[in-house]
Amino acid sequence: SDGSGLPPFPTHEHLGGLYLFAGSTPWLPGFEAWAWETVTRFNTYFVQCPPAWSAIEDPVLMERIALFTREMQQPDLTAGDPFAFEEFPREPLKFPVTRRQLFSSMRTNLEVASGKAEGGTALQLADLGSAPDSALAGLMPQVLPGCTITVEQNMVFGQAPDGPRPLPLFPLDSPALQVFNLFNGQTPLAEVSRQLADMHVWPRQRSFAYVRGVFLTLVLCGLCLPTG
């Protein structure tokens, strides 16, 4: 800005995710949290940006940011709830970053409750998304040591031990909070599901689907791994 008469540019870091605004809304299932965090990051940056600099920014980009912000604040209910965890797709997990980045210090194979040595089936983390409920029921999710959990504006955020920034996980008043609190490495998914069904008077099938969705979302975010 030297010699331009414009105020100094605000202190910033590489924002990342610019290509998000070239797409459409609503966002693909499984990537809502990343999209939410990206839109929030761009808005935070431009709030700090001097008006004179915002005025010369690409108007199409500014329009897209405004559009995505409206979608984030007033979601299209006909498109589904981004936190409807029971609708988590049944397909191999697609990690938004490389497995090495997320789990560089962890082993990525696990065994279902029966145990490989006893004839059980060995699973890769990506396989969890397509595994049948019977293979998941005995797993005992555990939130990883070193994760940072915070609450801002009625939203629970989680940051993985080596994660670059917090990710929005679920609203504070969501049943997902009760599920999250049971991911202690000692409670099987089947038992978490039973307790959730009792608390909310849900059918067992719906309850397990919801618990499964919370679990797999946290795995994708690098916050949780299964034991058992």
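The rules behind the values
- Residues numbered from 1 in each chain as written.
- Predicted model: local features only at pLDDT ≥ 70, side-chain atom pairs only at ≥ 80, totals over all residues.
- Heavy atoms only, no water.
- Pairing = 2+ DSSP bridges.
- Helix = DSSP H or I, 4+ residues; strand = E, 2+ residues; numbered from the N terminus.
- Axes fitted to C-alpha atoms, helices over the stretch in contact; angles between N-to-C directions.
- Buried < 20%, exposed > 50% of the residue type's maximum accessible area, 1.4 Å probe, protein only.
- Expected span 1.5 Å × (residues − 1).
- Arc of directions from axis to C-beta.

1. Remarks on the sheet that holds strand β4 (residues 148–152)
In any sheet, the strands associate via hydrogen bonds between backbone groups, in a parallel or an antiparallel arrangement.
Then comes step 1: Pairing within the open sheet is antiparallel, and its 3 strands lie in the order β4-β5-β6. The strands lining the two open edges of the sheet, one partner per strand, are β4 and β6 (167–171). Neighbour-to-neighbour, the strand axes of the sheet open up by a mean angle of 30°, direction not taken into account.
Then comes step 2: Judged from the 4 bridges that link them, strand β5 (residues 155–159) and β6 form a sheet pairing that is antiparallel. Pairing of Met155 across the sheet is with Pro171, part of β6.

2. A look at the pairing of β5
Then comes step 1: Of all 5 residues in β5, 4 are buried; the element is thus mostly enclosed.
Then comes step 2: Bridge analysis of β4 against β5 gives 5 bridges, and the strand direction is antiparallel. Bridging across to β5, Glu152 finds its partner in Met155.
Then comes step 3: The loop that links β4 with its antiparallel partner β5 comprises 2 residues; one of these, Gln153, has a positive phi angle of about 50°.

3. A few points about helix α7 (residues 189–200)
Then comes step 1: Taking 1.5 Å as the rise per residue, α7 with 12 residues should run 16 Å; its terminal C-alpha atoms sit 16 Å apart, in good agreement.
Then comes step 2: Those residues of α7 that fall on the buried side of the exposure criterion are Leu189, Val192, Ser193, Leu196 and Ala197. The buried residues of α7 occupy one face: seen down the axis, they fall within an arc of 135°.
Then comes step 3: Looking one or two places after α7, you find Val201, whose phi comes out positive at around 55°.

4. Some words on unusual backbone geometry
Then comes step 1: Of note, the phi angle at Asn154 is positive, near 65°, even though the residue is not glycine.
Then comes step 2: Structurally, Asn154 is set in the loop between β4 and β5.
Then comes step 3: Here Asn154 falls in the partly exposed class, since its relative accessible area comes to 40%.
Then comes step 4: One non-glycine residue, Val201, lies in the positive phi region at around 55°.
Then comes step 5: With respect to the helices and strands, Val201 occurs in the loop between α7 and α8 (204–220).

That's the geometry; what it means functionally is another story.
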